[in-house]
Amino acid sequence: MRFFKRMTLLGAAAATLLGGSVLTQAAEELSGDLNIFLDTSNPAPRAAMEGMIERFQKMHPDVNIKTTIIDSEGYKTQIRNFLSANPPDVVTWFAGNRMKPYVETGLFEDVSVLWQGELAEELASTRKAMTIDGKQWGIPYSFYQWGVYYREDIYKELGLTEPKNWDEFKANCQKIIDSGRKCFSIGTKFLWTAAGWFDYLDLRQNGYEFHMDLTDGKISWEDQRVRDVFALWRELIDMGAFVDNHAAYSWQEALPFMVKGEAAGYLLGNFIVPPLREAGLTDDKLGFYQFPEIVAGIPLAEDAPTNSFHVPSGAKNKENALAFLAYVADADNQSILSEQLGQLAVNSKSKVPDDKFMETGFEMLGNAYALAQFFDRDAPSEMARIGMEGFQEFMVKPDNLDRILARLERARQRIY
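Residues numbered from 1 in each chain as written. Predicted model: local features only at pLDDT ≥ 70, side-chain atom pairs only at ≥ 80, totals over all residues. Heavy atoms only, no water.

A. Highlighting the sheet that holds strand E1 (residues 32-38). If you walk across this open sheet you meet the five strands as E2-E1-E3-E12-E6, and the pairing is mixed. The two strands at the open ends of the sheet, each matched to only one other strand, are strand E2 (63-69) and strand E6 (139-143). Looking at each pair of strands side by side, their axes are set apart by 25 degrees on average, direction ignored. Bridge count between strand E3 (residues 90-94) and strand E12 (residues 306-310): four bridges; the pairing is antiparallel. The residue bridging Trp93 from the neighbouring strand is Ser308, located in E12. Contacting E1, E2, E6 and E12, helix H4 (residues 43-59) crosses the sheet at an angle of about 170 degrees to E2. (Pairing = 2+ DSSP bridges. Helix = DSSP H or I, 4+ residues; strand = E, 2+ residues; numbered from the N terminus. Axes fitted to C-alpha atoms, helices over the stretch in contact; angles between N-to-C directions. Contact = heavy atoms within 4.5 Å.)

In C-alpha cells:
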C-alpha cells in the first residue's frame, strides 16, 4: 500500500522524533502493544472503526491490539481523566479548539512528523484545524459539510438560481416569501442549529481568523463587528425568513416544513439528507449550495466538524501509535471509512461515495480557505451553551440584542 512508501519517504523527518524508529518499524514490522480508546459506540461507526483496526492488525500480526469502546457522552466526561492517569496509546477526539485544552496542558503528543510531504498535501484542507502553535496534534479521518439544502423544484417554479452573494440570497428569500412560503426551516429547541447561522454569518462578514479569535475569547461580544453579524441576521428575521415557533421544534421536527414545501431550504449539515430522502424527497427535488459570499474578498471558510485520532503524551507505545495514525490517514483506508460512515474522507486522494451531495461537499471542503469546527466545538463548552442560548433568544426576540451581548460578554470575561 502507499502507506509503506509514504512512511519510508518520511524517514528523515522522523529522525527528530523517537530517533526515526517510528517510520523504520512502520515500513518493516511492528511488535508490542497498542491500546486504542474509541468513542464510537453506535453500531455503524463502531463496526467501521473495528474493521479499520482489523485491517491494521492483519498488516502487523505481531502487534497486540486492545480496543476499549466508551459511549460518546461518557467519553467526553472521562477523557481528561484517562489522558492524565494511565493513558492509552491512541484516542479519538475532535479537531480545532476542542483539542486545544489537551494540547495546552501537555496531554496530546505533537505528531507533526506525519504532516509532511505527500500526506501533508492530501490532508491540507484540515491543516489549520489540526494546528496549534505551528504544530499538528492529530490525524483527521472524517468530516462533513454544512450548507443550504433546498427544494430545487420550488426554485425552478419561482425561477430562482443558487445565490452567489448576500443580495441574491435576500432577493431569493423575498420571492419565496411572496409565494406564501418560508425561506428556511429550522428547529432551535436544542439551540445548536441557531449556531450554524451565527457561524456562517460571522465567517462571511468578518472572516475565519476573526471567528476563531471570537470563539477563543479574544474579542468582545459587544464589538461593533459582532453587532454587524446580528444586523445581517435581523434582516432575515424581519423579512419573516424562518418558520414560526421554531424554538418548539428539534431539527428533525422541523423537517416536515421542507418536505411539505412550506419552507424552501434548511441550513444544516449533510446528515439532513437521509431523513429527507426517507420522507420522500427524491434527488431531483433536492439541491445544495455553499453559503454565499457577504463581504467581497473574504475567503470562504466552512463549518466542517472534523473527527480525529490523537496520541496521548503519556502513551507507552508511541511508535505503534504513530504508525496507526499514519494508516488512519491513508487514502485507501479513508475511502473505506467514508463509505461505511456516510461521511467525507479528509484525504483528497480518497474515493467519494456515489452521492451528489457528498461529491459536492468533498469538492467544496477541499477548496475551502479553512474549516471551522462549529460553534459548540470551537468555543469552550460553557461559553458555547451561553452563546447558543443567546442565539436562540435573538431569533425569537431580536430587540433583546443589547442584553444578550452584554450577557455573553460577562460570560467571556469570566470563562476565559
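Having seen the structure, we can now continue with the description.
B. Up close: the confidence of the model for the chain. Residue-level pLDDT values for the chain average 92, and 93% of them are 70 or greater. Note on residues 1-27: pLDDT is under 50 here. Beyond four places in sequence and across chains, it has 58 contacts. (pLDDT = per-residue confidence, 0-100.)

C. Region of the structure containing the pattern of salt bridges. As enumerated under the stated definition, the model contains 24 salt bridges in all. Between Arg46 and Glu50 there is a salt bridge; the shortest N-O distance is 3.0 Å. Of this pair, Arg46 and Glu50 both sit in helix H4, four residues apart, roughly one helical turn. Its relative accessible area of 36% is what places Arg46 among the partly exposed residues. A salt bridge links Glu382 to Arg414, with the nearest nitrogen and oxygen atoms 2.8 Å apart. Remark: Arg414 occurs in helix H20 (residues 401-415) and Glu382 occurs in helix H19 (residues 381-396); sequence separation between them is 32 residues. Residue classification places Glu382 among the partly exposed residues on the basis of a relative accessible area of 34%. On the basis of relative accessibility, which here comes to 53%, the residue Arg414 falls in the exposed class. Each of Lys100, Glu104, Asp213, Asp216 and Lys218 takes part in salt bridges that share partners, so that together they form one network. (Salt bridge = Lys/Arg side-chain N within 4 Å of Asp/Glu carboxyl O. Buried < 20%, exposed > 50% of the residue type's maximum accessible area, 1.4 Å probe, protein only.)

D. Structural detail: the nonpolar core. Counting 133 residues, the largest nonpolar core has Trp233 and Phe324 as its most contacted members. The element that contributes the greatest number of residues to this core is helix H15 (residues 318-329), accounting for nine residues. Filtering out sequence-adjacent residues up to four positions away, Trp233 remains in contact with Ala194, Trp197, Phe198, Leu201, Phe242, Phe391, Phe394 and Met395. (Core = buried A, V, L, I, M, F, W, Y, C linked by side-chain atoms within 4.5 Å.)

E. Structural context of the sheet that holds strand E7 (residues 146-151). If you walk across this open sheet you meet the four strands as E8-E9-E7-E10, and the pairing is mixed. With partners counted over all chains shown, the strands left at the sheet margins are strand E8 (182-184) and strand E10 (286-289), one partner each. Between one strand axis and the next, the sheet turns through 25 degrees on average, direction left out of account. In this sheet, strand E9 (residues 263-269) lies alongside E7 in antiparallel orientation, the contact comprising five bridges. When the bridges of E9 are listed, Val148 appears paired with Leu267. Where helix H9 (residues 166-178) meets the sheet, it contacts E8, E9 and E10, and its direction lies at approximately 140 degrees from that of E8. Along the sheet, helix H17 (residues 356-366) contacts E7 and E10; its crossing angle with E10, the most-contacted strand, is approximately 5 degrees.

F. Structural detail: the packing of aromatic side chains. One pass over the full model with this rule turns up 44 aromatic pairs. With centroids separated by 5.7 Å and ring planes inclined at 80 degrees, the aromatic side chains of Tyr144 and Phe271 adopt a geometry described as edge-to-face. Note that Tyr144 is positioned in the loop between E6 and E7 and Phe271 in the loop between E9 and helix H14 (273-278), a separation of 127 residues in sequence. Taking the centre distance of 5.1 Å and the plane angle of 65 degrees together, the rings of Phe375 and Phe391 count as edge-to-face. Within this pair, whereas Phe375 is found in helix H18 (residues 375-378), its partner Phe391 is found in helix H19, the two being separated by 16 residues in sequence. Accessibility expressed as a relative area gives 0% for Phe375, which makes it buried. The ring of Tyr369 carries Lys128 above its face, with NZ or CZ at 4.8 Å from the centroid. (Phe/Tyr/Trp six-rings, centres within 6.5 Å; stacked < 30°, edge-to-face > 60°. Lys NZ or Arg CZ within 6 Å of the ring centre and 35° of its normal.)

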